[in-house]
Amino acid sequence: MNQSSTCDLSIVIVSWNVWPLLRRCLDSIERASLPGDAHVRRFEIARPGEGEKGREKRDAAGLPIQSPASSLQSPDLSQATLEVIVVDNASQDDTPARIAAHFPWVRVIASDKNLGFTGGNNRGFAISRGRFVYFLNPDTELGGAKDRWREATARQREGEKGREEETRKRGERELMPSDHTQSPISNLPISQSLALLYAAISADRTIGVIGPQLRYGDGALQPSVRRFPMPLTGFFESTWLGRAWPSNPWARKMLMTDWPADRAGEVDWLVGAAMLCRREALETVATPDGPFDEGFFMYSEELDLCRRIKQMGWRVVYEPAALVIHHEGKSSEQASTQRHIHFNTSKVRYWRKWFGPRWGEALRRYLLLEYRVQLWQEQLKLWLGHRPDLRRSRIAAYREVIRSRLEEQDWRLETGLVERRSPNL
């Protein structure tokens, strides 16, 4: 990083063939910031406790909830500087040109091959100049503060026409352009989400990573706080065993089902759709490639990163006062077979890395067994003539997963494979 040209915050977004979603993400950042010089924008730093004065929040046990954002002293500066970097992983939808036309303030890295989610983030990090780095998925939108979200949800129930009329009356913001669909809960005033997270992490030097509350596009909560998995967790999370025994203690513990969505505090790791990190923390765990382990082409990379950061003594914090909309799964439809392969291969890699080769091999064999059983089930349904097109598609996908053996591969060197196995971004 060129220290002579630093800014306060860098936002890094890795994109692959999701221009409509990426445009909405960049629109939300534009609404949350003000024009600056060239590729640098400015944003207002949130004042602590805004909208919460006179109200002490308490958890389920009746204890006061201490939120990093609500406990801050007022920042010295009223504004901070911001840059946005988009790494395009060889998209076929002309993303770089469209960004240049609609968002000239965005810095673009147009890769001629698919670097994967980790490789793309490392590439963006390498040219970033921010003291803090916000890794955002392209299928996210910055939301408003929590109380504002409740207001927007109420307007949603009144219907589209009523919501637009209410927005105009309040004068909270202009409606989004009519050439693309607006999220039901993005009808908010200029976002406080970015400023809240930035103020919280910049005021507490012990925080290495901070993340917001995530909501799906329809306003439903997306749980995003996690504890580190135990060795048996891999057999009971996102598997048949887990579905057969949903109350199993291993998956429930990792998914933190006992943690209220509005409780702020320290956690083990966060869902990687929106993670604001301190550069100093990232640099303490970085390799020559960057802070992300590129052995994870995608999936489990945020779990691995947070674990390494916490090992170095930094805290990982959840701040629910800030909201981010996450349209999860939209781009996974482009490569569902490879999603299965990457998800499970990364899972096995994490188990080998942190629990040892024996646990990793046991998990790999178990996951392959699941796919073999599913393959025979689909074959039986095909013989019975039940939805033959669907059965043939699934059989082909499961066979490809089994052929992969869920073995680790060097995605960076096998260029053709990287381009074929595109990530779920």
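Throughout this description, residue numbers start from 1 for each chain and increase along the sequence as written. Totals for whole chains, interfaces and linings use all residues, but because this is a predicted model, local features are given only for residues with pLDDT of at least 70 and pairs of side-chain atoms are given and counted only at 80 or more. Side-chain numbers here rest on the full set of heavy atoms in the structure, without hydrogens or water.

1. Overview of the overall build of the chain
To qualify as a helix, a DSSP run of H or I must reach at least 4 residues; to qualify as a strand, a run of E must reach at least 2; elements of each kind are numbered from the N terminus. The secondary structure content of the chain amounts to 15 helices and 13 strands. Across the 425 residues of the chain, 56% fall into the buried class. Two residues form a contact once any of their heavy atoms are found within 4.5 Å. Counted over contacts in the chain with a minimum sequence separation of 6, partners at least 24 positions apart contribute 78%. Using the Shrake-Rupley algorithm and a 1.4 Å probe, accessible areas are obtained, with residue cover drawn only from the displayed protein chains. Working note: accessible area of the chain is about 18800 Å², and carbon and sulfur atoms make up 51% of it. For each residue, the accessible area found with a 1.4 Å probe, counting protein chains only, is set against the maximum for its type, and the residue is called buried under 20%, exposed over 50%, and partly exposed in between.

2. What to know about unusual backbone geometry
In this structure, Ser-300 takes a positive phi of about 70 degrees despite not being glycine. One non-glycine residue, Arg-405, lies in the positive phi region at around 60 degrees. By the element assignment, Arg-405 lies in the loop between α14 (388-404) and α15 (415-420).

3. Quick word on the pairing of strand β3 (residues 79-89)
Here β3 lies mainly inside the structure; nine of its eleven residues are buried. Each pair of strands is called paired provided DSSP finds at least two bridges between the two strands. Two elements, strand β1 (residues 7-15) and β3, share seven bridges in a ladder whose sense is parallel. The residue of β3 that forms the bridge with Leu-9 is Leu-82. The pairing of strand β2 (residues 41-44) with β3 spans four bridges and is antiparallel. Each bridged residue has a counterpart across the sheet, and for Phe-43 the counterpart in β3 is Ala-80. Two strands pair when backbone bridges link them, and β3 and strand β4 (residues 107-111) are joined in this way by five bridges, in the parallel orientation. Note on β4: the bridge partner recorded for Val-86 is Val-108. Here is how to tell: hold the view so the strands point away, follow the path from the first strand over the helix to the second, and if it runs clockwise the crossover is right-handed. As for the winding sense of the linkage, the β-α-β connection from β3 through helix α2 (residues 95-102) to β4 is right-handed.

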